[in-house]
Amino acid sequence: PEEPECRFALTALARRLGFETADSPTAYFADGVQTKDEESFWTALNSKAESLLLMMRAADGGDPFSADMQLEIGLSHDWLKAWGLLLPPIGDGSALTLGDLRRKTEAAGVCSGVDVDLLEKTLDEKAYFRVFQLAEGKAAVNGTDGRVEELFPREKRATIEADEKEIVDFKNLNWLQCVNKGDVICNIFPPTQPEDGCDVGGNIIKGKTGLEPRLPRGKNIALSEDGAKLVAETDGQLAFAGNAFKINPVVSIDGNIDSAVGNLDVVGSINVKGNVLEGFTVRATGDIQIFGSVVGATVEAAGDIKINGGVNGGTVSAGGSLITKFIENTNAEVTGAITAENIINSSVVCGEKITAVAGKGAIIGGSVTSFKGVEAKVIGSERNLATKMVVGCDPQLSQERLALKAEVAALSKKADETRKSIRYLEGMEETGPAQQQLLGKLRLDFSVTNMNIAKKTARIQTLEELLQGDGYQIVASHIYPPLIVTMGTITQHFLDESRMSRIYKADGDIHLGMK
């Protein structure tokens with residue numbers, strides 16, 4: 001028969017055998033030839049068709065050419081897909097059964113993921129010259145690499161914020177990242193396990209395990225027991241350097257605390273190589289050491305404070321001790337001891353002992369409260385500037401006593417008013433249910449109030465015993481009047497100059513003796 005003109009041998013073969021199909025790969029592939037693997041299979045199909053056409057042409061005019069039904073199989077390079085195409089029997093050729101097709105499939109090495117139902121349907125419907133997916137494998141799924149979720153920025157820039165009144169404080173630059181012991185710095189997500197696959201030949205395809213993440217772990221950063229977190233081992237300031245987070249328990253400032261640095265609020269300790277200038281604030285949960293001076297500033301530490309220069313104006317507060325050259329025109333509240341060369345015109349509260357014996361060793365003017373006594377070279381001055389001293393009184397206990405006295409006074413006033421209301425209701429000739437209910441409530445309130453008064457009064461008595469001031473003293477080489485001394489509940493004025501003096505409490509009175 002006359003052979004149709006076609007671009008592709010497969011189309012020519014199909015039409016010669018009486019099958020109508022377009023002269024395009026889309027007539028065979030549902031989506032055309034999309035991949036190199038499909039292109040290779042398409043080339044092989046055309047080569048097979050061209051071979052059959054040559055044999056059919058050679059048989060023209062002689063005995064009819066015959067060929068059995070054939071299943072052409074193509075494989076992707078990774079063996080995850082196998083395609084098939086049925087060629088019809090030619091002449092007296094035999095058809096194939098499903099079993100024949102299965103055996104041919106296995107002979108081609110395709111033994112896993114075979115779509116038997118589709119193969120059977122293709123055979124039953126005699127869907128010749130149609131490429132179908134004969135088998136499909138399962139690709140391996142590689143594990144994902146582990147990763148680190150950083151909960152803090154690597155670099156914190158200075159930020160200026162406005163308060164609720166939209167007032168901007170340019171001294172608060174907020175450039176430090178403070179962390180506390182146990183804070184989570186990073187979350188760690190481990191690599192996931194892979195899932196193995198299987199190709200159409202039944203071969204296992206191993207998946208790759210994800211890589212462990214690189215941990216940005218530096219100084220004072222610990223790995224949690226479960227390996228899922230990086231946590232702070234200590235209080236301090238978080239920084240990122242050398243591809244790792246680290247915590248500095250001590251913040252070092254090479255210069256002054258000024259507008260270039262701003263206020264500091266530090267978890268840990270601070271070293272300041274310069275001065276703390278007027279209007280600025282330095283706070284730390286640890287110790288503070290200032291190599292210069294403090295001028296009209298606020299310095300607060302939960303631990304010790306050491307100021308190599310001195311303090312002139314402002315406020316100093318320490319949970320530990322205070323060591324400085326001088327304290328002048330300053331409010332200082334220290335839980336521990338205070339050591340200074342001079343204390344002048346200041347309000348000082350000390351939970352331990354105040355010592356001023358180096359240099360001039362002078363305490364002049366102002367108010368000085370010290371739980372465990374005062375030792376100085378000079379107290380007062382020739383200008384007769386009054387100096388007040390309270391010794392032997394724990395400042396915290398003294399404050400508690402004053403607060404309790406105010407509370408007892410308020411409760412006593414309330415009790416007196418409640419008593420008057422009770423007497424008024426009791427004096428009424430007739431009372432209804434509402435009055436009786438009110439009377440019961442007032443009696444209960446009166447009883448509770450008196451119990452509170454008794455409890456607080458007992459505590460006041462205990463505090464007054466603790467605040468007697470016995471055992472602690474004021475020692476000085478030279479005392480200038482007027483000096484006003486309070487020990488416990490007794491206050492005495494010393495109006496005469498004295499030398500090598502010791503002021504102490506004994507037999508319920510304050511005495512001046514020799515040092």
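Nothing here was measured: the structure is a model prediction, and the numbers come from that model.

Cut-offs used in this document
Residues numbered from 1 in each chain as written. Predicted model: local features only at pLDDT ≥ 70, side-chain atom pairs only at ≥ 80, totals over all residues. Heavy atoms only, no water. Helix = DSSP H or I, 4+ residues; strand = E, 2+ residues; numbered from the N terminus. Rg over C-alpha atoms; globule rule 2.2 N^0.38 Å. Buried < 20%, exposed > 50% of the residue type's maximum accessible area, 1.4 Å probe, protein only. Contact = heavy atoms within 4.5 Å. Areas by Shrake-Rupley, 256 points an atom, 1.4 Å probe, with all protein chains shown as cover. Pairing = 2+ DSSP bridges. Axes fitted to C-alpha atoms, helices over the stretch in contact; angles between N-to-C directions. Parallel < 35°, antiparallel > 145°, perpendicular 65-115°, else oblique. Left-handed = near helix turned anticlockwise from the far one by under 90°. Expected span 1.5 Å × (residues − 1). Phe/Tyr/Trp six-rings, centres within 6.5 Å; stacked < 30°, edge-to-face > 60°. Lys NZ or Arg CZ within 6 Å of the ring centre and 35° of its normal. Patch = residues over 30% accessible without salt bridge, like charges linked within 9 Å, V, L, I, M, F, W, Y side chains within 5 Å. Salt bridge = Lys/Arg side-chain N within 4 Å of Asp/Glu carboxyl O. Lys, Arg positive; Asp, Glu negative; His and termini not counted. Charge placed at Lys NZ, Arg CZ, Asp CG, Glu CD. pLDDT = per-residue confidence, 0-100. Core = buried A, V, L, I, M, F, W, Y, C linked by side-chain atoms within 4.5 Å.

Visitor: How would you explain the overall build of the protein if you had to name every residue and give the values?
Guide: Secondary structure assignment for the protein yields 6 helices and 34 strands. The globule rule puts the C-alpha radius of gyration for 515 residues at 24 Å, and the 48 Å found for the protein is more than 25% above it. Along the longest, intermediate and shortest principal axes, the C-alpha atoms of the protein span 150 × 80 × 40 Å. A buried classification covers 40% of the 515 residues belonging to the protein. Relative to all contacts within the protein whose residues are 6 or more apart in sequence, the contacts with residues 24 or more apart total 42%. Accessible area of the protein: about 27600 Å², with a carbon and sulfur share of 49%.

Visitor: Got a sec to walk through the environment of Glu341? Specific residues and values, please.
Guide: Within the secondary structure, Glu341 is located in strand E23 (residues 338-344). For Glu341, a relative accessible area of 22% puts it in the partly exposed group. Counting along the chain gives 222 residues from Glu341 to Leu119, while the straight-line C-alpha distance between them is 103 Å.

Visitor: Just give me the short version of the sheet that holds strand E9 (residues 221-223), but keep the residues and values in it.
Guide: If you walk across this open sheet you meet the 4 strands as E4-E6-E10-E9, and the pairing is antiparallel. Either end of the sheet is taken by a strand with one partner, and the two such strands are strand E4 (147-150) and E9. Neighbour-to-neighbour, the strand axes of this sheet turn through a mean angle of 25 degrees, independent of strand direction. Inspection of the sheet shows E9 paired to strand E10 (residues 229-232) by 3 bridges, in the antiparallel sense. Bridging across to E10, Ile221 finds its partner in Ala232.

Visitor: Go over the packing of helix H1 (residues 9-16) against helix H2 (residues 36-59) with me, naming the residues and quoting the values.
Guide: H2 packs onto H1 with a crossing angle of 45 degrees between their chain directions and a minimal axis gap of 7 Å. As judged from the angle between their axes, H1 and H2 are oblique. The crossing of H1 and H2 is left-handed. Counting all contacts with H1, which are made through Ala9, Leu10, Ala12, Leu13 and Arg16, the residues of H2 involved are Trp42, Leu45, Asn46, Ala49, Glu50, Leu52, Leu53, Met56 and Arg57.

Visitor: Would you mind going over H2 in detail, with residue names and values included?
Guide: Within an α-helix, residues lying three or four positions from one another point in the same direction, as the helix has 3.6 residues per turn. The terminal C-alpha atoms of H2 lie 35 Å apart, and with 24 residues this matches the ideal 34 Å at 1.5 Å per residue to within 8%. Just downstream of H2 lies Gly61, where phi reads positive at about 85 degrees.

Visitor: Which residues make up the sheet that holds strand E1 (residues 70-75), and what values do they have?
Guide: Pairing within the open sheet is antiparallel, and its 3 strands lie in the order E1-E2-E3. In this open sheet, the two strands that pair with only one neighbour each are E1 and strand E3 (132-136). Each strand axis lies, on average, 30 degrees off the axis of its neighbour in the sheet, ignoring direction. In the sheet, strand E2 (residues 81-87) pairs with E3 via 4 bridges, with the strands oriented antiparallel.

Visitor: Break down the packing of aromatic side chains for me, with residues and values.
Guide: Under the counting rule described, the total for this entry stands at 8 aromatic pairs. Ring geometry for Phe19 versus Phe129: centroids 5.4 Å apart, planes at 55 degrees, classification tilted. Residue Phe19 is found in the loop between H1 and H2, and its partner Phe129 is found in the loop between helix H4 (116-124) and E3; the two are separated by 110 residues along the sequence. On the accessibility criterion, Phe19 (28% relative accessible area) is partly exposed. Aromatic pair Phe240 and Phe245: ring centres 4.9 Å apart, planes at 75 degrees, arrangement edge-to-face. Chaining the aromatic ring pairs together yields one cluster made of Phe8, Tyr28, Phe29 and Trp42. We note Arg147 situated over the ring of Phe189; from NZ or CZ to the ring centre the distance is 4.1 Å. Stacked on the ring of Tyr504, the Lys or Arg Arg502 has its end atom at 4.1 Å from the ring centre.

Visitor: Describe the environment of Cys178, with residues and values.
Guide: Locating Cys178 in the fold gives a position in strand E5 (residues 178-179). In this structure, the C-alpha to C-alpha distance between Cys178 and Pro249, residues 71 residues apart in sequence, is 9.7 Å. Excluding residues that lie within four positions of it along the chain, Cys178 makes contacts with Gly236, Gln237, Asp265, Val266 and Val267.

Visitor: Pulling in residues and values, what's your account of a negative patch on the surface?
Guide: Side chains of Asp115, Asp117, Glu120, Asp124 and Glu125 sit close together on the surface and give a patch of like negative charge. Looking at the secondary structure, you find Glu125 in the loop between H4 and E3.

Visitor: Pulling in residues and values, what's your account of the pattern of salt bridges?
Guide: Counted under the stated rule, the structure contains 15 salt bridges. A salt bridge links Glu150 to Arg154; the shortest N-O distance between them is 2.8 Å. Exposure remark for Glu150: the relative accessible area of 30% places this residue in the partly exposed category. Judged by relative accessible area, which is 45%, Arg154 ranks as partly exposed. Connected through shared salt-bridge partners, Asp416, Arg419 and Lys420 make up one network.

Visitor: Could you give an account of the confidence of the model for the protein, with specific residues and numbers?
Guide: Averaged over every residue, the pLDDT of the protein is 89; residues scoring 70 or more account for 94%. The model gives residues 167-171 a pLDDT under 50, and that stretch makes 14 contacts with residues more than four places away or in other chains.

Visitor: Residue-level account of unusual backbone geometry, with values.
Guide: Where the residue is not glycine, phi is negative for most of them; where a peptide bond is considered, it is trans in most cases. Of the consecutive residues Pro481 and Pro482, the connecting peptide bond is found in the cis state with omega at -10 degrees. The backbone of Asn345 sits at a positive phi, close to 45 degrees, despite the residue not being glycine. Under the relative-accessibility criterion, Asn345 is labelled partly exposed at 37%.

Visitor: If you had to explain the nonpolar core to someone new, which residues and values would you point to?
Guide: One finds Ile257, Ile288, Ile305, Ile354, Ile363, Ile474 and Ile503 to be the most contacted residues of the largest nonpolar core, which totals 51 residues. The dominant element in this core, judged by the number of residues it contributes, is strand E18 (residues 294-301), at 4 residues. Those residues in contact with Ile305 that lie beyond four places of it in its chain are Ile288, Val299, Val316, Ser317, Ala318, Ser321, Leu322 and Ile323.

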